[in-house]
Each structure stands twice: as structure tokens, then as C-alpha cells.
There are 2 protein chains.
Amino acid sequence: MKIDPADIRKILRRYGLKATPQRVAVYEAMRELGHASADMVYQQASMALNTLTVATVYNVLESFVQAGLLQRRMSSNNKMYLDVNTYNHCHLYCEKTHSYKDYDDPELMLLIHNHFRNRKIRGFDLHRIDVQLVGQKRSSSRLK
Amino acid sequence: MKIDPADIRKILRRYGLKATPQRVAVYEAMRELGHASADMVYQQASMALNTLTVATVYNVLESFVQAGLLQRRMSSNNKMYLDVNTYNHCHLYCEKTHSYKDYDDPELMLLIHNHFRNRKIRGFDLHRIDVQLVGQKRSSSRLK
DNA sequence: GTTGATGCAAAGGCTTTGCAACTAA
DNA sequence: TTAGTTGCAAAGCCTTTGCATCAAC
């Protein structure tokens, strides 16, 4: 589960990013968290690199999004959330805890993809279709 | 297009809300805007009621959401957005301007609805399925 | 008359910025 | 060497809060 820092440096360079210790720590944190707010990343990454500052976390996250290494997620609580998986997938979104969970449903993706195959939207360049299953996780359960 | 204030008061009471001038102005603004941030509502509603304050707009919007008269939307720019239409519908979301446009596609809704008819998600109470067509509006075009 | 809503100003939370010091390539 | 990154602290933006006053019912 734990990734070799050398591998992370490779990934960063592949995306055209300088492999600083801060970036390695942030990406490592994102790999562990999957979906996270800036603060969650800061908490997690600080464990590995205690000189890290919040401002740097924001800078690093932004550079990752620009490079296409991470994806911003939408949220309904006015906070920034990021997703380590950039391929096209659905999410469960808990309205109470504002937590996300990947929901892989290839059949659904195909259904939607086919639906839009021959459909154009006037005046709009479609980048992706974002499907969120919005609700609440049951108390017994745990999304991450 | 312009709604009779008396009708707005009726709507508010139907949702168990006191019909204050502030609430009437805010709801009127939402009907005009369709989708809006708190600030947009404040700008718009202030035209009709210049004594309105920002704090009141936030209070009113929150009470509307609680009552089910408005729906919160997800966004990727850390701001609150609201939708005057609470029925289940898709949205075009412009990543550049963070503006929304309703995208009614009954065929797609049916497709998705059927897909989930006999599907349960373990540990999750599904409230609604939110489909966003994320992209950018072309410069020639205008979403609201 | 009650109960809840508003206005104001202040505080709060999250994010961004400017700039000097530093470092990966 | 140097172009780009980090740390720090301050500022910025959006949202919430406490409380006295006010108004809808």
C-alpha cells in the first residue's frame, strides 16, 4: 500500500513537476487518502514531513491540478476537495460528512457515454460527465 | 415573467415560512436568477429592497434550503450556489465562470433511474443522483 | 403578545498572495 | 546557475454568529 518515494518522484517528473520533498509528501498523502480537503492533506502529509506549511500544501495541490495529476471535486460545503483518481468514475457523496467514495459502475458509464455519443450541446464544450450519488452514509458504515 | 409578490407570499407560507419582505425579495431574486451565489442574490434582491443586508440573505437562503424551497448546488470554487428548481434535473456547469444551466433530458434521467431501480448501495442512503455536464461555455454563448 | 426574523458589526474559516530565502535539475 | 519552489505572515474573500431591535402571525 505504502508507495516507494522513488516511484513518486518518477510520477511527478512524468507530469512535468519538480520532485521536491513537499510534493512527494503531498502526493503520498493523497494516495493514502484518496479524496481529501487541503486540511486533511496537510494533516496527513505533515506526519511524513513536519516542516510542511499550509500555504505550500495549497500551492502544491494547485500545481498538481494544473498538471493533471489530481482532480478538483465539487462540494456543497464551500471547501476544496481533491481526488487522486483522474479517470472517469462516479462518486458517492455524503452530504453530512462531505466525504467521497469512488463508485465504479462501468455499465452505467457505458450507458451514459452512449447516450451522449451523438448528442451535441449548443454553445458548450463538454469536458466530462460527473455523476454523483448524493446521500448519507449510514452510521454503521465508513466512506473515505 | 415577473411574479406577483402575493403569490410569493403564498409559496413561502406553503413551505411553512413567514412571509417577510426580505424573504419575498430573496425568493423573487432566485426566480429571476435560477442559479445563483449568495452575492448574486444579494445584488439582485437589493434592487427590490435596498435595506437588505448580506447576513439576512444568508439567513434567508439557509431557511429556504431547510424548508426545501431551494436546493444547494455543488461547486468547485468554494462558494455556495443555490438552485430555484428542486426537481431532479441535470446541469451544465461551466468550470470557468462557475455558472449553471438546467439541462433537461428526460430520456437520460429515465435511463439512470432504471439503472438504479434494483440496485442498492451498501451502507448508503441515496437521496438523489446528480448529473453534471462539466465543461466550458463557448465565448459566443451565455449560460445563466 | 409571541415567536421568530432582521440588521449590524465582529469574528471565523478557508484560501491566496508577496516576497525573501532556498533548492532541484 | 537559474528557474522554479518553499515558508512565513498578512491579507482576502466568503460565511457565520451574537445580540438588540423589530415584525409577522
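Before reading further, recall that the structure is shown in the block above.
Rules behind the numbers
By convention here, each chain's residues receive numbers from 1 onward along its written sequence. Labels are handed out in written order, letters beginning with A for the chains and numbers beginning with 1 for the ligands. At least 70 in pLDDT is required for a residue's local features to be given in this predicted model, at least 80 for side-chain atom pairs to be given and counted, and no such filter applies to totals for whole chains, interfaces and linings, which use all residues. To get the side-chain values, take all heavy atoms of the structure and skip hydrogens and water. Within 6.5 Å between ring centres, the rings of Phe, Tyr and Trp (the latter by its six-membered ring) count as paired, and their orientation is classed by plane angle as stacked under 30 degrees, edge-to-face over 60, tilted in between. Every helix listed is a DSSP run of H or I at least four residues long, and every strand listed is a run of E at least two residues long, numbered separately from the N terminus. When accessible area is computed with a 1.4 Å probe and restricted to protein chains, residues below 20% of their type maximum are described as buried, those above 50% as exposed, and intermediate ones as partly exposed. The fit set for superposing copies consists of C-alpha atoms from residues with pLDDT of at least 70 in both; the fit itself is least squares. A single heavy atom is enough: if one lies within 4 Å of a molecule or strand, its residue is considered near that molecule or strand. Polar contacts, as used here, are pairs of N or O atoms within 3.5 Å; protein pairs need one atom able to donate a hydrogen and one able to accept it. Residues neighboring in sequence count only if both atoms are side-chain atoms. Any residue that is not Ala, Val, Leu, Ile, Met, Phe, Trp, Tyr, Cys, Pro, Asp, Glu, Lys or Arg is counted as polar, Gly included; the first ten are nonpolar and the last four charged.

**Q** Describe the packing of aromatic side chains, naming the residues involved and giving the relevant values.
**A** Applying the stated criterion across every chain, the model contains 8 aromatic pairs over all chains. Ring centres 6.2 Å apart and planes at 75° place the aromatic pair Tyr-27 of chain B and Phe-64 of chain B in the edge-to-face group. Note that Tyr-27 of chain B is positioned in helix α2 (residues 21–33) and Phe-64 of chain B in helix α4 (residues 54–67), a separation of 37 residues in sequence. The burial state of Tyr-27 of chain B is the same as that of Phe-64 of chain B; both residues are buried. Put simply, the rings of Tyr-81, Tyr-93 and Tyr-100 of chain A touch in pairs and so form one group of aromatic residues.

**Q** Before we move on, could you go through the relation of the copies chain A and chain B and cite the residues and values that matter?
**A** The two copies are related by a screw operation: chain A maps onto chain B through 180° of rotation and 0.0 Å of translation along the axis, at an RMSD of 0.1 Å. Taken together, the rotation and translation relating the two chain copies correspond to the operation of a two-fold axis. Closest approach to the rotation axis among the C-alpha atoms of chain A is made by Asn-78 of chain A, whose C-alpha sits 1.9 Å away.

**Q** Break down the protein's contact with DNA strand C for me, with residues and values.
**A** The immediate surroundings of DNA strand C are formed by 20 residues, with Tyr-58 and Met-80 of chain A together with Thr-20, Gln-22 and Thr-56 of chain B found nearest. Across the atoms of DNA strand C situated within 4 Å of the protein, the share located in sugar and phosphate is 80%. For DNA strand C, a phosphate oxygen lies 3.2 Å from a polar atom in the backbone of Ala-19 of chain A. Thr-51 of chain B has a polar backbone atom sitting 3.2 Å from a phosphate oxygen of DNA strand C. For the surface near DNA strand C, a count of residues per class yields 8 nonpolar, 7 polar and 5 charged.

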